[in-house]
Amino acid sequence: MDANELLERYAAGERDFRDTDLFRADLSNAELSGVSFFRTSLFGANLFRAKLIGCDFFRSTLIGANLYCANLSGANLTGANLTGANLSGADLSGADLTDADLGGADLSYATLHYTDFTGANLFRAMMVDAKLNHAKLVRVRLRGANLNGAITEGATFSKVMGLSEEAKQDLLDRGAVFPELTEAVSSPSA
């Protein structure tokens, strides 16, 4: 299937595009809210400024995809492969990125309020000036991730891997929550 066929079928009311191959499809500025891209290959696709509100990308392949300034609020990206994807300036508010692979992805300036990153791989991800207010980062791999200037008010970092003590302190100073540190301070000494 190519981008034009997908857009025609979407305009006709179709919303289920599961297991579709959209390799390098150009869907820039497309309105595709509510679509199921369940296990779809969007390898290298151009989704620049696409409106993808509430879309289902469960176990989809978005390696190297361009999602610059795309609106993915409320999207399900559970288990999706976003290795090297450009999500700079994207809105992922309330999105589910559980077990997603974001290794080397660019999330700079992205809006990630209430986003669930449980079990996600953020190895060498760029999150410069990202807005992570109330995001959930549990069992996340953060080795080599760049969180410079990220807004982390109320963001929960629990059992994260690859984060230096200096980086933890910096995140704490910016309002992040580390439950393990809170428990260690509040537990009575023997």
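For the structure, see preceding data.
Residue positions within a chain follow its written sequence, with the count starting from 1. Note on the predicted model: pLDDT of at least 70 is required for a residue's local features to be given, and 80 or more for side-chain atom pairs to be given and counted; whole-chain, interface and lining totals, by contrast, use all residues. Note: side-chain values were computed over all heavy atoms of the structure, leaving out hydrogens and water.

(A) Region of the structure containing unusual backbone geometry. Phi at Arg24 is positive, roughly 55 degrees, even though this residue is not glycine. One can find Arg24 in the loop between α1 (3–11) and β1 (136–138). The phi dihedral of Lys159 is positive, around 55 degrees, even though this residue is not glycine. Each helix is a run of DSSP H or I of at least 4 residues and each strand a run of E of at least 2, with the numbering of both proceeding from the N terminus. Within the fold, Lys159 resides in the loop between β2 (156–158) and α2 (165–173).

(B) Just the layout of surface pockets, in detail. Cavity and pocket criteria rest on a 1 Å grid covering protein atoms alone: a 1.4 Å probe that fits but cannot get out defines a cavity, protein on both sides within 12 Å along at least 5 of 7 lines defines an open pocket, and an atom within 4 Å of a point defines a lining residue. Grid points are joined across faces, edges and corners, and a volume is the space filled by probe spheres set on the points. Roughly 180 Å³ of volume is contained in the largest pocket. In this structure, the largest pocket is lined by 15 residues; those nearest its centre are Ala145, Leu147, Asn148, Leu163 and Ala167. Throughout, the ten residues Ala, Val, Leu, Ile, Met, Phe, Trp, Tyr, Cys and Pro are labelled nonpolar, Asp, Glu, Lys and Arg are labelled charged, and all others, Gly among them, are labelled polar. Each residue belonging to the lining of the largest pocket can be placed in one class, and the counts come to six nonpolar, five polar and four charged.

(C) Fine view of the side chain of Thr98. On the secondary structure map, Thr98 appears in the loop between α1 and β1. Contacts: residue pairs with any heavy atoms within 4.5 Å of one another. Residues within four places of Thr98 in sequence aside, it is in contact with Leu77, Thr78, Gly79, Asp116 and Thr118.

(D) Local environment of the packing of aromatic side chains. Pairing of aromatic rings covers Phe, Tyr and Trp, the last through its six-membered ring, and needs centres within 6.5 Å; plane angles under 30 degrees mean stacked, over 60 mean edge-to-face, and all others mean tilted. Within the structure shown, the criterion is met by six aromatic pairs. Considering the side-chain rings of Phe23 and Phe43, the 5.6 Å spacing of their centres and the 15 degrees angle between planes classify their relative orientation as stacked. Residue Phe23 is found in the loop between α1 and β1, and its partner Phe43 is found in the loop between α1 and β1; the two are separated by 20 residues along the sequence. To sort residues, take the accessible area from a 1.4 Å probe on protein chains only and compare it with the maximum for the residue type: under 20% means buried, over 50% means exposed, and anything in between is partly exposed. Judged by relative accessible area, which is 30%, Phe43 ranks as partly exposed. With a centroid separation of 5.3 Å and an interplanar angle of 15 degrees, the aromatic rings of Phe157 and Phe178 are classed as stacked. Here Phe157, found in strand β2, pairs with Phe178, found in the loop between α2 and α3 (179–186); they are 21 residues apart in sequence, far enough to count as distant. Note on Phe178: relative accessible area 3%, which makes it buried. Ring-pair connections join several aromatic residues into one group, and the members of that group are Phe17, Phe37 and Phe57. A positively charged side chain is recorded as over a ring if its NZ (Lys) or CZ (Arg) lies within 6 Å of the ring centre. The angle to the ring normal must also be within 35 degrees. If you follow Arg18 out to its NZ or CZ, it ends over the ring of Phe38, 4.8 Å from the centre.

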